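Coordinates in review
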Amino acid sequence: MTRTTPAWQLLLAFALSLSTLCVLIGWLQNVHIISSNGMYKSIQAEPWIASPSTARLDPSNYLFFPLYGISARLLDMLGILRGVPWKQFAYLNAFWASLGTVVVYAFAHRLSGSAIVAALASVFHLGCGFVLLLSVISEDIMPGYVLVQASMALAGLWFDRPTWRRIALVGVLFTLGWLIEWRLMFPTLPALVLALLVAPEPMRRRLGHVLVLVASILATSGIVQLSWEGHNGAIGLHDILWTGKGVATGWAGVSWDKAWMMLSGVGNYLLLVGGFVDPRSAREALAPLSFSVLLQAAIFLASVILLWPRRHEPRLRAVAIVFVGTLGAGQVLNFYSQPQDPQMQLNVMAWLTVAWTLLLAALLPSRRGVAITLAILSFAPFAWNVAALAKWRGDDTRWLAATAALEKRFPPDSSVFLYFGYEPITTWKYALWSRTWDWDNKVAIPPAPSAEPKFKWIAVNAGAIRHPGWTGPEHAAALKRDIDLALDRGYRVVVSDMWSWPPDVLAAYLGTVAASDRSDAIYRMLHDDYRATEAFRDPIAGAYYELQRR
């Protein structure tokens, strides 16, 4: 149970993981599967690639942009995808995900003393739906997740017999992780504290250990804060600890729609089966999502049953508190924010690999048939999820072609686009045409034609995200003002296939930002005040309609 993992095994785990992920990225040719947020992050990192000394720090990703910007700068120097950071970020994620594979292997080996258990647990973890997805696209969560994952693994192994050095190391790793992505702090911090409070030691010593953890977190944050003092965008320690990201927006809030999105997030964590974005699509994918959740519940129950006789072992208890505690706190927070988002589920669902590891350790000494079955089941998520990702293969090239086709059909100097806001092509236009956000009643534009900005657009979801207190009529009136402004200035207003959505689909998409109750007012405004004629159709971008007043 305490055997040191041979270094060559860790290096082999890293090499196999990295080579597999790099081959998969090259084969998929799409680093924006399900989410295109990584494109925006790569654009935000461009100043760090060009001139790190003057680039601006981001409060909620305090260390992410320095880390990935300088890493992409190094790839440029090596001639690897030079000048294409949105592709470089995917390969950087594969690198960090492979370090995560090493963490899982070492953790499983330490728990079980078996290289076979460690190997199968590593394959299972890498093959989980959201883990594999975020390892091959350009999202920004992976380095922070791996550091927090490492801190959780060490806490599970060490907090049965904590020392101040061990606690401090866990605190440092944990803090560096959430300084890369601020939201990673909240699910795991309560679990770490609880694990120290139930350690088999006198209460006074336990409280002292909690103080050591807090001190290590504050000291690490303070050192980072002082290191960046005077840099562009640097903030104080209080602002580092609380950035408030997403709190006063439409992403926050509690509604019944979040229950369906929670099903989507938890179900797709293990098996990518669909229903990724909105509550309506989650309802349509109820059967496969439920099947995935039931598989996870079965793994959980089986591990509890098999390990119940060992429930008093301090190490097993520490492992359970750290990982199940993160699950509990994390899902409460996710229900308030974006439970369907792969990033929000990644560290929260780390318990699943731990439960599978413990099952493997308990069952693998059994007969050969059981061992073969467990090995097949360990590889099954990877096989399933590679097949699921394959349906998006090559879409980056297709979106580039669609963007060019739209530019040819609707000259940007005389066109304003009306989108819901989630359409992938908005990301490509933002990246390739002009770095301009949607209007949101804050833009004064010259009469058409006008070359600047090239990308002129209105987003329906902007009013829900930035103005969570609006009513439906207020939201509809704001959209109408922007549409009428474009028409009055002589622009063509071109609307995406959102125009053809029935009211329930519009309500479902608005439900992702706690605004489904606004859908009736917005739908009536659009279809009562305007008429639309189909003017363009693309195989991947869908239909586009030209909007005119009735």
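Please refer to the structure placed before this passage.
What you see is a predicted model; the values in this text were computed from it and never measured.

Across three bridges, the pairing between strand 3 (residues 492-495) and strand 5 (residues 542-549) is antiparallel. Within strand 5, the residue paired with Val494 across the bridge is Glu546. Here eight bridges tie strand 4 (residues 530-538) to strand 5, and the two strands are oriented antiparallel to one another. Along strand 5, the bridge assignment pairs Thr533 with Glu546. Between strand 4 and strand 5, which pair antiparallel and follow one another directly, the connecting turn spans three residues.

Cis geometry marks the peptide bond from Ala448 to Pro449, where omega comes out at 0°. Mapped onto the elements, Pro449 comes out in the loop between helix 21 (424-432) and strand 2 (457-459). With an omega of -10°, the peptide bond running from Glu452 to Pro453 counts as cis. Even without glycine at this site, Ile34 takes up a positive phi of about 70°.

With that settled, the discussion passes to the pairing of strand 1 (residues 415-419). Here strand 1 lies mainly inside the structure; five of its five residues are buried. The side-chain alternation of strand 1 yields two buried faces, one formed by Ser415, Phe417 and Tyr419 and the other by Val416 and Leu418. Bridge count between strand 1 and strand 3: four bridges; the pairing is parallel. Along strand 3, the bridge assignment pairs Val416 with Val493. For the crossover that starts at strand 1, traverses helix 21 and ends in the parallel strand 2, the hand is right-handed.

Another aspect to go through is the packing of aromatic side chains. Per the stated rule, a full pass over the model turns up 34 aromatic pairs. Taking 5.6 Å as the distance between ring centres and 50° as the angle between the ring planes, the aromatic pair formed by Phe420 and Trp501 counts as tilted. Of this pair, Phe420 sits in the loop between strand 1 and helix 21 while Trp501 sits in the loop between strand 3 and helix 24 (503-511); the two residues are 81 residues apart in sequence, bridging distant segments of the chain. Both residues of the pair, Phe420 and Trp501, count as buried. With centroids separated by 4.9 Å and ring planes inclined at 5°, the aromatic side chains of Phe455 and Trp457 adopt a geometry described as stacked. Exposure remark for Phe455: the relative accessible area of 1% places this residue in the buried category. Taking NZ or CZ as reference, Arg283 lies 5.8 Å from the ring centre of Trp260, over its face. We note Lys429 situated over the ring of Phe417; from NZ or CZ to the ring centre the distance is 3.1 Å.

A few words now on helix 21. Most of helix 21 is tucked away, with seven of its nine residues classed as buried. For helix 21, the complete set of buried residues consists of Ile425, Thr426, Thr427, Trp428, Lys429, Tyr430 and Ala431. Contacts from the buried residues of helix 21 go to helix 2 (37-44), helix 5 (85-112), helix 20 (395-409), strand 1, strand 2 and strand 5.

We now examine the packing of helix 9 (residues 164-180) against helix 10 (residues 185-197). In helix packing, the relevant descriptors are the interaxial angle and the interaxial distance, both defined with respect to the helix axes. It is the contact of helix 9 with helix 10, at a shortest axis distance of 11 Å, that shows an interaxial angle of 170°. If you check the angle between helix 9 and helix 10, you find them roughly antiparallel. Contacts from Ile167, Val170, Phe174 and Trp178 in helix 9 reach Met185, Thr188, Leu189, Leu192 and Leu196 in helix 10.

To continue, consider the pattern of salt bridges. Counted according to the given criterion, the structure contains 18 salt bridges. One salt bridge connects Arg280 with Asp504, and the closest N-O pair in it is separated by 3.3 Å. Here the residue Arg280 occupies a position in helix 14 (residues 279-284), and Asp504 occupies one in helix 24, the gap between them amounting to 224 residues. Note that Glu546 and Arg492 form a salt bridge whose closest N and O atoms lie 3.1 Å from each other. Here Glu546 is found in strand 5, whereas its partner Arg492 is found in strand 3, with 54 residues between them in sequence. A relative accessible area of 23% places Arg492 in the partly exposed class. Overlapping salt bridges bring together Lys480, Asp484, Asp488, Asp529 and Arg549 as one network.

What follows covers the sheet that holds strand 5. On the basis of which strands lie adjacent, the open sheet formed by five strands has the order 2-1-3-5-4 and mixed pairing. Of all the strands in the sheet, the pair left with one neighbour each is strand 2 and strand 4. In this sheet, adjacent strand axes meet at a mean angle of 25° when their direction is disregarded. Packing against the sheet, helix 20 makes contact with strand 1, strand 3, strand 4 and strand 5, and its axis sits at approximately 130° to strand 4.

On the surface, Phe300, Leu301, Val304, Ile305, Trp308 and Val324 cluster together into a nonpolar patch covering about 560 Å² of accessible area. In terms of residues, the nonpolar patch owes the most to one element, helix 15 (residues 286-307), which gives four residues. Tracing the backbone shows Trp308 in the loop between helix 15 and helix 16 (314-336).

In this structure, Phe159, Trp178, Phe323 and Tyr544 are the most contacted members of the largest nonpolar core, which totals 142 residues. It is helix 5 that contributes the most residues to this core, 13 residues altogether. In this structure Trp178 touches Val148, Leu184, Met185, Ile217, Ser221, Ile240 and Leu241, once residues within four positions along its chain are discounted.

Before going further, it helps to spend a moment on the environment of Ile540. Tracing the sequence through the fold places Ile540 in the loop between strand 4 and strand 5. Under the relative-accessibility criterion, Ile540 is labelled partly exposed at 23%. When the C-alpha positions of Ile540 and Ala401 are compared, they lie 9.5 Å apart, and in sequence the two are 139 residues distant. Sequence-distant contacts of Ile540, that is, excluding residues within four places in its chain, are made with Asp395, Arg398, Trp399 and Ala402.

Rules behind the numbers
- Residues numbered from 1 in each chain as written.
- Predicted model: local features only at pLDDT ≥ 70, side-chain atom pairs only at ≥ 80, totals over all residues.
- Heavy atoms only, no water.
- Pairing = 2+ DSSP bridges.
- Helix = DSSP H or I, 4+ residues; strand = E, 2+ residues; numbered from the N terminus.
- Buried < 20%, exposed > 50% of the residue type's maximum accessible area, 1.4 Å probe, protein only.
- Right-handed = clockwise from strand over helix to strand, strands pointing away.
- Phe/Tyr/Trp six-rings, centres within 6.5 Å; stacked < 30°, edge-to-face > 60°.
- Lys NZ or Arg CZ within 6 Å of the ring centre and 35° of its normal.
- Contact = heavy atoms within 4.5 Å.
- Axes fitted to C-alpha atoms, helices over the stretch in contact; angles between N-to-C directions.
- Parallel < 35°, antiparallel > 145°, perpendicular 65-115°, else oblique.
- Salt bridge = Lys/Arg side-chain N within 4 Å of Asp/Glu carboxyl O.
- Patch = residues over 30% accessible without salt bridge, like charges linked within 9 Å, V, L, I, M, F, W, Y side chains within 5 Å.
- Areas by Shrake-Rupley, 256 points an atom, 1.4 Å probe, with all protein chains shown as cover.
- Core = buried A, V, L, I, M, F, W, Y, C linked by side-chain atoms within 4.5 Å.

Geometry only, nothing functional implied.
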